[in-house]
Amino acid sequence: MKISLRHIAIIPDGNRRWGRSHGYLARPWEAYREGVARFREVSEAAWEFKIPYFTFWAASENNLKKRRRVEMDFLLTLLKEELERELNSGVFEKYNVRLSVVGRWRTILKRRKDVIGLIDTIEKKTRNFKTHRLTVLLGYDGQEEMLEAVESLRKSKTSATGTALTNALWTGELPPVDLVIRTGGEPHWSAGFLMWHTANSQLYFPDVLWPEFDHKEFQKALADYGKRERRFGK
């Protein structure tokens, strides 16, 4: 499949709903293990399809702060396992992928020096890889990102041009998003998700929960995008 698509972003909704429907009633967060497997499958599919930029919203700032300690411990252990797997598998070298983790994760996860150190290690190891860019949004809130960018321009007395605002964003190095996929069957936005970069994006809301969104579903999303005519407001 040949797709002319530079930047795809995913909001992986439905993990907990999937968990409850599959018997994880007391610990629905166990479903995130299946969700991580889908992230691995879909991100590698994106690189196989030669999509340069892949952005994945792992968790919002509010989402991380409101979780119970037992759930956070599980999720951070899962995150550490996946980071170690990615680091040791050679997948970043194979696809020439640079990893960037964006958001207020460093402050929120300050007690987990092991996770912070692992993220720093992978970012440093991959910083010169240029073919693909994997951006993981962790402790991310689009409204906070925009407010901080505007405040930065105000303090520096910089004119609020499009270029200046883009450069002030946490995600300023990323190009506009061509396609946003939000799983879960509920077509809505959250926390101003990448509001600047998604001004002209195509949107896709499949009626499947994230742990069900496999390689085949991803191909369906790309095929749907390929049929659309992008007018950019014209």
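Scroll up to find the structure this text is about.
Residue positions within a chain follow its written sequence, with the count starting from 1. Local features are withheld for residues below a pLDDT of 70 in this predicted model, meaning they are given only at 70 or higher, and side-chain atom pairs are given and counted only at 80 or more; totals for whole chains, interfaces and linings count all residues. Side-chain measures were taken over the full set of non-hydrogen atoms in the model, leaving aside hydrogen atoms and water.

Student: Please give an account of the sheet that holds strand β6 (residues 202-204) that cites residues and values.
Tutor: Any two strands between which DSSP finds at least two bridges are classified as paired. Each helix is a run of H or I in the DSSP string that is no shorter than four residues. Each strand is a run of E no shorter than two, and both are numbered from the N terminus. A sheet is described by the order of its strands in space; here six strands give the open sequence β3-β4-β2-β1-β5-β6, paired in parallel fashion. Of all the strands in the sheet, just β3 (97-102) and β6 have a single pairing partner and so form its edges. Strand after strand, the sheet turns through a mean of 15 degrees between neighbouring axes, direction not considered. Note: strand β1 (residues 7-11) against strand β2 (residues 53-60), four bridges, orientation parallel. In the sheet register, isoleucine 8 faces β2, and the bridge partner there is phenylalanine 54. Here, two residues are considered to be in contact whenever any of their heavy atoms come within 4.5 Å of each other. With axes taken as lines fitted to C-alpha atoms, and helix axes fitted only over the stretch in contact, angles between N-to-C directions fall between 0 and 180 degrees. Relative to the sheet, helix α7 (residues 113-126) contacts β3 and β4 (132-140), its axis offset from that of β3 by approximately 140 degrees.

Student: Account for the nonpolar core, naming residues and giving values.
Tutor: By size, the foremost hydrophobic cluster in this structure holds 45 residues, and its most contacted members are Ile8, Phe54, Leu134, Ile181 and Phe218. The set of buried Ala, Val, Leu, Ile, Met, Phe, Trp, Tyr and Cys residues whose side-chain atoms join them within 4.5 Å is what this entry labels a nonpolar core. Summary of the burial criterion: residues with accessible area below 20% of their type's maximum are buried, those above 50% are exposed, and those between are partly exposed, where the area comes from a 1.4 Å probe applied to protein chains only. Listed in part, the ten residues of the second largest apolar core include Ala9, Trp57, Val177 and Leu194.

Student: Would you mind going over helix α8 (residues 142-156) in detail, with residue names and values included?
Tutor: Between the first and last residue of a helix there are one fewer steps than residues, each counted as 1.5 Å, and that sum is the expected span. Taking 1.5 Å per residue, 15 residues should reach 21 Å; α8 reaches 21 Å between its end C-alpha atoms and fits that length. Residues of α8 that are buried include every one of Gly142, Glu145, Met146, Ala149 and Leu153, and no others. Buried residues of α8, seen end-on, are gathered within an arc of 95 degrees and therefore sit on one face of the element. Residues of α8 that are exposed and point more than 90 degrees away from the buried face comprise Leu147, Arg154 and Lys155. Check the buried side of α8 and you find it contacts β4 and α9 (162-168). With a side-chain oxygen positioned 2.8 Å from the backbone nitrogen of glutamine 143, the residue opening α8 is aspartate 141. Looking one or two residues beyond α8, the residue adopting positive phi is lysine 157, at roughly 55 degrees. An arc is given here, and it is the one of the directions from the helix axis to the C-beta atoms. Under this definition, polar contacts are N or O atom pairs within 3.5 Å; protein pairs additionally need one hydrogen-donor-capable and one acceptor-capable atom, and for neighbouring residues in sequence, both atoms have to be side-chain atoms.

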